[in-house]
Amino acid sequence: MDILQQISDQIDLGDDEKVHELTTTAIEQKIPVKKILDEGLLQGMNIVGQKFKEHKLFLPEVLMAAKAMNAGMELIKPLLLSDSIPMKAKVVIGTVRGDLHDIGKNLVGVMLKGAGFEIIDLGNDVTPEKFVETAKTEGAEFIGMSALLTTTMPVMKEVVDQIRKENLEEKIQTLIGGAAVSRSYAEEIGATAYCYDGSNAVEYLNSIV
Amino acid sequence: MGIRPVTHFLEDNLIEKIISEARDLLCNLGITLHNKGVLEVLSGYGAAVDQDKYHVRFTNDIIDKALGSTPSSFKLFDVLGQETHDFSGNNSHFTPGSAAINILDNQTNEIRKPTTADFINYSKLMSGLTNIASTSTAFIPADVTEKISDSFRLYLSLLYCEKPVVTGAFTIEGFETIKDLQLAVRGTKEELAAKPLTILSCCPTSPLKFSDVTSQNVVDCARFGIPVEFISMPLSGFMAPVTLVGSIIQHTAETISGIIISQLTNPGTPILYGGSPAIFDMRYETTPMGAVETMMIDCAYNEIGKFLGFPTQAYISLSDAKRLDAQAGLESSMGATLAVLSGINNISGPGMLDFESCQSLQKLVVDNEICGMTMRIAQGIEPKEDFPSIPLFQELLKEKHLLISKHTRKYIREEHYFPGKVINRANLSRWKEEGSLSLTEQANQEIERLLNDYQPSRLPEDIKTELTRRMEVEARLNGMDKLPE
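Residues numbered from 1 in each chain as written. Chains lettered and ligands numbered in written order. Predicted model: local features only at pLDDT ≥ 70, side-chain atom pairs only at ≥ 80, totals over all residues.

1. Considering the overall build of chain A
Thinking step 1. The helix and strand inventory of chain A stands at 9 helices and 5 strands.
Thinking step 2. In summary, chain A has a C-alpha radius of gyration of 18 Å against a globular reference of 17 Å for 209 residues, a match within 12%.
Thinking step 3. By principal-axis analysis of the C-alpha atoms, chain A measures approximately 55 × 35 × 25 Å.
Thinking step 4. Counting every position in chain A, which comprises 209 residues, the buried fraction comes to 44%. (Helix = DSSP H or I, 4+ residues; strand = E, 2+ residues; numbered from the N terminus. Rg over C-alpha atoms; globule rule 2.2 N^0.38 Å. Buried ≥ 20, exposed ≤ 12 C-beta atoms within 10 Å, placed from the backbone.)

Laid out in structure tokens, this is it:
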């Protein structure tokens, strides 16, 4: 069987050791890294994502698949960088100031990481300034904010306003989520998008990156 | 193993009193029995028979003899001969409510007469509903002559679904075809008796009466070792005492009468101690299957059956609603939960609305989830690598979550029951973005998916051809040139 197909299959099975081994072989066989990434690692995650959507796989299996994909990513990352092949986007995430509820945010982080995005997790109780500063210094294209409490929702608007004020709208998109917010709230404050759960966030980012 | 949760309504001394009272009824008042042949047999065993009045009074010896030869368990096998049911202990299996005269059309939402095409769709759907272990001849296609409508339902069931079938004959003659179809699947009478494929419902008439057809059906089933479920239907306050205990006494007497006919014909014939009692609603003149008292009578007579040592059945997880609505859900799930917690072995009802007269594919899809949830309850709570717990909590504190823990991955699918899409567990936003589907819309999508995924029965083609040949012969004899499709 085609080695890239095997990588994809082993991601589906969540076997990180096999993916590590197969990716090493693929690199030795001089298969272009972009091809290993697209047709092996990401292809596997796409299949897993689809199965998750159809309830054929559950979260634990998706996360195991993500772990397996990362085992391959670690190997090809330096090669992608040296070939100047762009990685998937960087996303700064955090629960907004005054809010300590981070379960949903953590889940979004784990799932985005699994889908190949680079995650900078600022934890909870994050100030608007910290979000924007980190995104700027890290060169992140996305800020993902979470809020469970209606009282902390307005902090999201502060971040959006700050980005607008600094004319960074072209460079940094704002994504919001959490039980307190909705698509209409995202529109109201001018956030780029609203995602209702981890897989929805992956779906959204994959659709635009 | 964890404990299998079981609920009780009767104390042992009350059970003994009820059985003793039922025996007195049978020995003193007796029953009406409209079948000369059976009366003759009973007379031979020493019963006091009045052939002219079709009346019989039993003796305690006859009762003891019959109860003594009744099997405490039996198994069912699908059309391929694989075991699907073990009616023993507190094992619970679900089967759709049977013999409705109407169907709720899932496209128009109208209640109408069912057709052959409906029955084929139903049988295909049943193939995919994993929590309902057997199929049943759930409704009566109105596009075939009444004379063959009983066997025709079984024919379609055997052709399109591999599951065993809960069915029944409407006439004495109807049994012949029903038996022949089963012989076509199993090959020989011995093989059919060794691997039962169907259960025939045989219904006494309340109060304390057996019709000619029911009596003969019981005898004929016994001759072929075909399992029977007795469906006694006392109506509390109308055709039975208004009290629950009074109704249960009557149910006990009627059911033991059926067991006597069966066991004296062929000792050891498998039976289910079943029923479909109901209270009588004095306001609407109806027999609510969703009434809590109806369910309590069911659970209680199940305890009598188990006390006597027999596997049981009840019409209990169904509703009197006319649509797939909240009433349908609450009555069906309350019944299913009580039934499983009581350890009723064959639970009849899924899909059924409107006092057992309307089947619904939409409701079957939802009830399949109710069945799945209640079966999970039956599995109880059992420790699984939970002791000592410190290592797992150390892992939780270190990793901050247990989503990919080995313990989680090993037990997730057996510890948690994951219902299908008709049970909505999406958050509000996701539900909205996925179309804000109502329960009926979601159920219709699920019906469509299951019908698309349907795989034809693996019953060998030559047997399918033989089934069709036998059914066509029967149809021609009854004035139908061809079978509807």
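And the narrative resumes.
2. Focus: the overall build of chain B
Thinking step 1. Along chain B, the regular secondary structure elements total 17 helices and 20 strands.
Thinking step 2. Against the 2.2 N^0.38 benchmark of 23 Å for 485 residues, chain B shows a C-alpha radius of gyration of 23 Å, consistent with a compact globule.
Thinking step 3. Oriented by its inertia axes, the alpha-carbon framework of chain B measures out at about 80 × 60 × 50 Å.

3. Points about the domain arrangement of chain B
All names here are of chain B.
Thinking step 1. With domains assigned, chain B is organised as domain 1 (12-59) and domain 2 (68-379).
Thinking step 2. Listed as interface residues are 16 residues of domain 1 and, on the opposing side, 21 residues of domain 2.
Thinking step 3. Among the secondary structure elements, those contributing two or more residues to the side of domain 1 that touches domain 2 are helix H1 (12-29), strand E1 (31-33) and helix H2 (36-44).
Thinking step 4. Sort the elements by how many residues they give to the side of domain 1 that touches domain 2 and H1 lands first, with 7 residues.
Thinking step 5. Along the lines of polarity and charge, the residues of the side of domain 1 that touches domain 2 split into 12 nonpolar, 3 polar and 1 charged. (Domains from an automatic or database assignment. Contact = placed C-beta atoms within 7 Å. Nonpolar A, V, L, I, M, F, W, Y, C, P; charged D, E, K, R; others polar.)

4. Remarks on the interface of chain A and chain B
Thinking step 1. Listed as interface residues are 12 residues of chain A and, on the opposing side, 10 residues of chain B.
Thinking step 2. The biggest single contributor to the side of chain A that touches chain B is helix H4 (residues 59-82) of chain A, with 5 residues.
Thinking step 3. The residue inventory of the side of chain A that touches chain B, partitioned by class, reads 6 nonpolar, 3 polar and 3 charged.

5. Points about the packing of helix H3 (residues 33-53) of chain A against H4(A)
Residues and elements named next belong to chain A.
Thinking step 1. Look at H3 against H4: their axes get within 10 Å of each other, and the N-to-C directions meet at 165°. Between H3 and H4, the angle is such that the two are roughly antiparallel. In this structure, H3 crosses over H4, and the sense of that crossing is left-handed. Contacts from Val 33, Ile 36, Leu 37, Gly 40, Leu 41, Gly 44, Met 45, Val 48 and Phe 52 of H3 reach H4 at Val 62, Ala 65, Met 69, Gly 72, Met 73, Ile 76, Leu 79 and Leu 80.
Thinking step 2. Tallied by class, residues from the contact of H3 with H4 come to 14 nonpolar, 3 polar and no charged. (Axes fitted to C-alpha atoms, helices over the stretch in contact; angles between N-to-C directions. Parallel < 35°, antiparallel > 145°, perpendicular 65-115°, else oblique. Left-handed = near helix turned anticlockwise from the far one by under 90°.)

6. Overview of the sheet that holds strand E2 (residues 118-121) of chain A
Strand pairing in a sheet takes place through backbone hydrogen bonds and is either antiparallel or parallel in direction.
All names here are of chain A.
Thinking step 1. Judged by pairing direction, the sheet is parallel, and its 5 strands sit side by side in the order E2-E1-E3-E4-E5 without closing on themselves. Sheet topology places E2 and strand E5 (193-194) at the edges, where each strand pairs with a single neighbour.
Thinking step 2. Inspection of the sheet shows strand E1 (residues 90-95) paired to strand E3 (residues 142-146) by 5 bridges, in the parallel sense. Bridging across to E3, Thr 95 finds its partner in Ser 146.
Thinking step 3. Against the sheet, helix H7 (residues 154-165) engages E3 and strand E4 (173-177), with an angle of about 175° to E4. (Pairing = 2+ DSSP bridges.)

7. Here's the deal with the environment of B:Lys17
All names here are of chain B.
Thinking step 1. Here Lys 17 is to be found in helix H1.
Thinking step 2. Since 14 C-beta atoms lie within 10 Å of it, Lys 17 is described here as partly exposed.
Thinking step 3. Lys 17 sits 406 residues away from Ile 423 along the chain, and the two C-alpha atoms are 44 Å apart.

8. Considerations on the pairing of strand E4 (residues 74-77) of chain B
Along any regular strand, the residues point their side chains to alternate faces of the sheet.
Residue and element names in this part refer to chain B.
Thinking step 1. Burial along E4 is one-sided: Phe 74 and Leu 76 are buried, and none of Lys 75 and Phe 77, which face the opposite way, are.
Thinking step 2. Note: E4 against strand E5 (residues 83-87), 4 bridges, orientation antiparallel. The residue of E5 that forms the bridge with Leu 76 is His 85.
Thinking step 3. Between E4 and E5, which pair antiparallel and follow one another directly, the connecting turn spans 5 residues, one of which, Gly 81, has a positive phi of 90°.

9. Considering unusual backbone geometry
Thinking step 1. Between B:Ser206 and B:Pro207 the backbone carries a cis peptide bond, its omega angle lying at 0°.
Thinking step 2. By the element assignment, B:Pro207 lies in the loop between strand E11 (198-202) and strand E12 (209-210).
Thinking step 3. Phi is positive for A:His55, which is not a glycine, with a value near 65°.
Thinking step 4. In this fold, A:His55 is placed in the loop between H3 and H4.

10. Points about the sheet that holds strand E8 (residues 111-112) of chain B
Residue and element names in this part refer to chain B.
Thinking step 1. Taken in spatial order, the 4 strands make up an open sheet running E8-E7-E20-E19, and their pairing is mixed. Strand pairing shows two members of the sheet lacking a second neighbour, E8 and strand E19 (352-353), which therefore form its edges.
Thinking step 2. Taken together, the 3 bridges between strand E7 (residues 102-104) and strand E20 (residues 358-360) define a ladder with parallel strand orientation. Note on E20: the bridge partner recorded for Leu 104 is Ser 360.

11. Regarding the domain arrangement of chain A
Interfaces are often sized by the amount of accessible area the parts lose when they come together.
Residue and element names in this part refer to chain A.
Thinking step 1. Partitioning chain A into structural domains gives domain 1 (3-82) and domain 2 (90-208).
Thinking step 2. Taking the mean C-alpha position of each, domain 1 and domain 2 sit 26 Å from one another.
Thinking step 3. Each partner contributes residues to the interface: domain 1 has 11 residues there, and domain 2 has 7 residues.
Thinking step 4. Residue assignment for the side of domain 1 that touches domain 2 shows that the elements contributing at least two residues are H3 and H4.
Thinking step 5. It is H4 that provides the largest number of residues to the side of domain 1 that touches domain 2, a total of 6 residues.
Thinking step 6. Looking at the side of domain 1 that touches domain 2, its residues break down into 9 nonpolar, 1 polar and 1 charged.

12. A look at the confidence of the model for chain B
Parts of the model with low pLDDT should not have their predicted coordinates read in detail.
Thinking step 1. Overall, the predicted model of chain B reaches an average pLDDT of 97, with 100% of residues at or above 70.
Thinking step 2. For this predicted complex, the interface score ipTM comes out at 0.80, alongside a pTM of 0.91. (pLDDT = per-residue confidence, 0-100.)

13. Here's the deal with the environment of B:His55
Residue and element names in this part refer to chain B.
Thinking step 1. With respect to the helices, strands and loops of the structure, His 55 is situated in strand E3 (residues 55-57).
Thinking step 2. The exposure class assigned to His 55 is partly exposed, which follows from the 18 C-beta atoms found within 10 Å.
Thinking step 3. Apart from residues lying up to four places away in sequence, His 55 is in contact with Gly 30, Thr 32 and Asp 50.

14. A short note on helix H11 (residues 326-342) of chain B
All names here are of chain B.
Thinking step 1. Its 17 residues place the ends of H11 24 Å apart at the C-alpha level, agreeing with the 24 Å of an ideal helix rising 1.5 Å per residue.
Thinking step 2. Within H11, burial applies to Ala 328, Glu 331, Ser 332, Gly 335, Ala 336, Leu 338, Ala 339, Val 340 and Ser 342.
Thinking step 3. Tucked into the core, H11 has its buried residues touching helix H10 (292-308), strand E17 (313-315), strand E18 (346-348), E19 and helix H12 (361-379).
Thinking step 4. Phi turns positive one or two residues past the end of H11, at Gly 343, with a value near 75°. (Expected span 1.5 Å × (residues − 1).)

15. Section: the packing of H4(A) against helix H5 (residues 103-114) of chain A
All names here are of chain A.
Thinking step 1. H5 packs onto H4 with a crossing angle of 45° between their chain directions and a minimal axis gap of 8 Å. Comparing their axes, H5 and H4 come out oblique. In this structure, H4 crosses over H5, and the sense of that crossing is left-handed. Contact with H4, carried on its side by Val 62, Leu 63, Ala 65, Ala 66 and Met 69, involves Val 110, Lys 113 and Gly 114 of H5 and no other residues of that element.
Thinking step 2. Of the residues assigned to the contact of H4 with H5, the class counts are 6 nonpolar, 1 polar and 1 charged.

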